[in-house]
Structures are given as C-alpha cells and as structure tokens.
Amino acid sequence: QVQLVESGGGLVQAGGSLSLSCAASGLTFSMYAMGWVRQAPGKEREFVAAISWRGGSTYYADSVKGRFTISRDYAKNTVYLQMNSLKPEDTAVYYCAGRGRPYYSASVEDLEYHYWGQGTQVTVSS
C-alpha cells in the first residue's frame, strides 16, 4: 500500500520560508516522478512543482518559479519543497503526489498524479 505523508506546514509571515517534506512508502521511490499540488479555499487544485524520477528535471508553476525548490532524497524516500519569499496567496493545503507507474515522466498536470498524501496546511499572514 502506497503512503505519502507530508509534514512541515504551518503559519509564517509574508516573506518568510517553510520547508515541506513528503515521506513515501509502499513504492520503489527511485522509480517514481513526484510532485506538489496545492489547493486554496474556494479555489481549484493547482500544480506547484514536480521532479523526475531520476531527479534531474524539475518543473514549476510560474507563480512559484524562483521562490520554491523541489528536491528528493533517495536514501530517505523523501521529496521536499523549500518555499522562500512566501506570499499570502501561497496560503493553501499542500499535497504531495506521485505518478501512477514507474518511470512515468514528471507532469505539470495534477490530474496525472495517482498517489496522494493527506495534505499539510500552509498559511502565510500579511
């Protein structure tokens, strides 16, 4: 059974930083592209960042490019999202997501992710 468990959310002032983690189990982590998706209250789910299964390719939404960094640690089966220069509009529940099959490429489409974590709340105050 695949499990993705996020951690690291919280409350931060605008301009601050947070680091999210997602621990994966039940799948061969090194074979799966991973991503982060967020959903703000009353809004649709939005792609944030993705990383290829090799880790050599990363993708970002325009709204976070230059501020957020996705990375992965194969030894820890964990994917990270470092968020800097946070803005109130970054407030959302952040979900870790995994592609449905090994060696699938990373995707900027949230619908193409099959495995999902429970989400972690990020709140940025102005």
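The structure under discussion appears in the preceding block.
Residues numbered from 1 in each chain as written. Predicted model: local features only at pLDDT ≥ 70, side-chain atom pairs only at ≥ 80, totals over all residues. Heavy atoms only, no water.

Chemist: How should the sheet that holds strand E8 (residues 78–83) be read in this particular structure?
Modeler: The strands that make up a sheet pair up through hydrogen bonds in the backbone, lying either parallel or antiparallel. Spatial strand order, E1-E3-E8-E7: four strands in an open sheet with antiparallel pairing. Here the strands that pair on one side only, and so sit at the sheet edges, are strand E1 (3–7) and strand E7 (68–73). Each strand of the sheet is rotated relative to its neighbour by a mean of 15°, with strand direction disregarded. With six bridges connecting them, E7 and E8 associate as antiparallel partners. (Pairing = 2+ DSSP bridges. Helix = DSSP H or I, 4+ residues; strand = E, 2+ residues; numbered from the N terminus. Axes fitted to C-alpha atoms, helices over the stretch in contact; angles between N-to-C directions.)

Chemist: Whenever I open this one, unusual backbone geometry confuses me. Can you help?
Modeler: Apart from glycine, the bulk of residues carry a negative phi angle, and the bulk of peptide bonds sit in the trans form. For Asn77, which is not a glycine, the phi torsion comes out positive at approximately 50°. On the secondary structure map, Asn77 appears in the loop between E7 and E8. Relative accessible area serves as the criterion here: at 27%, Asn77 is assigned to the partly exposed category. The phi angle at Tyr103 is positive, at roughly 70°, despite the residue not being glycine. Taking relative accessible area as the criterion, Tyr103 reaches 46% and is therefore assigned partly exposed. (Buried < 20%, exposed > 50% of the residue type's maximum accessible area, 1.4 Å probe, protein only.)

Chemist: Is there a simple way to explain the pattern of salt bridges in this structure?
Modeler: Close approach of charged atoms allows side chains with opposite charge to pair. Under the criterion given, the structure shown has six salt bridges. Arg99 is the salt-bridge partner of Glu112, the closest N and O atoms lying 4.0 Å from each other. Here Arg99 lies in strand E9 (residues 92–99) and Glu112 lies in the loop between E9 and strand E10 (113–116), a separation of 13 residues in the sequence. The class for Glu112 is partly exposed, based on a relative accessible area of 41%. Looking at Arg99, the relative accessible area reads 9%, which means it is buried. Through salt bridges with shared partners, a single network forms among Arg38, Glu46, Arg67 and Asp90. (Salt bridge = Lys/Arg side-chain N within 4 Å of Asp/Glu carboxyl O.)

Chemist: Any chance you could explain the nonpolar core here in plain terms?
Modeler: For soluble globular proteins, the rule of thumb is that nonpolar side chains tend to be buried together. In terms of nonpolar packing, the biggest core is built from 35 residues, with Trp36, Val79, Leu81, Met83 and Tyr94 touching the most fellow members. Listed by contribution, the elements that provide at least two residues to this core are strand E3 (18–25), strand E4 (34–39), strand E5 (46–51), E7, E8, E9 and strand E11 (120–125). Looking at which element gives the most residues to this core, the answer is E5, with five residues. In contact with Leu81, other than residues within four places in its own chain, are Leu18, Ser19, Leu20, Trp36, Val48, Ala49, Phe68, Thr69, Ile70 and Tyr94. (Core = buried A, V, L, I, M, F, W, Y, C linked by side-chain atoms within 4.5 Å. Contact = heavy atoms within 4.5 Å.)

Chemist: Teacher, can you tell me more about the pairing of E11 here?
Modeler: Looking along a regular strand, one sees side chains alternate from face to face of the sheet. With burial as the criterion, only one face of E11 is covered, namely that bearing Thr120, Val122 and Val124; the residues Gln121, Thr123 and Ser125 on the opposite face remain uncovered. Here strand E2 (residues 10–13) runs beside E11; their pairing, made up of four bridges, is parallel. Considered in E11, the bridge of Gly10 is made with Val122. In terms of strand pairing, E9 meets E11 through three bridges, oriented antiparallel. Across the sheet, residue Ala92 finds its bridge partner in E11, namely Val122.

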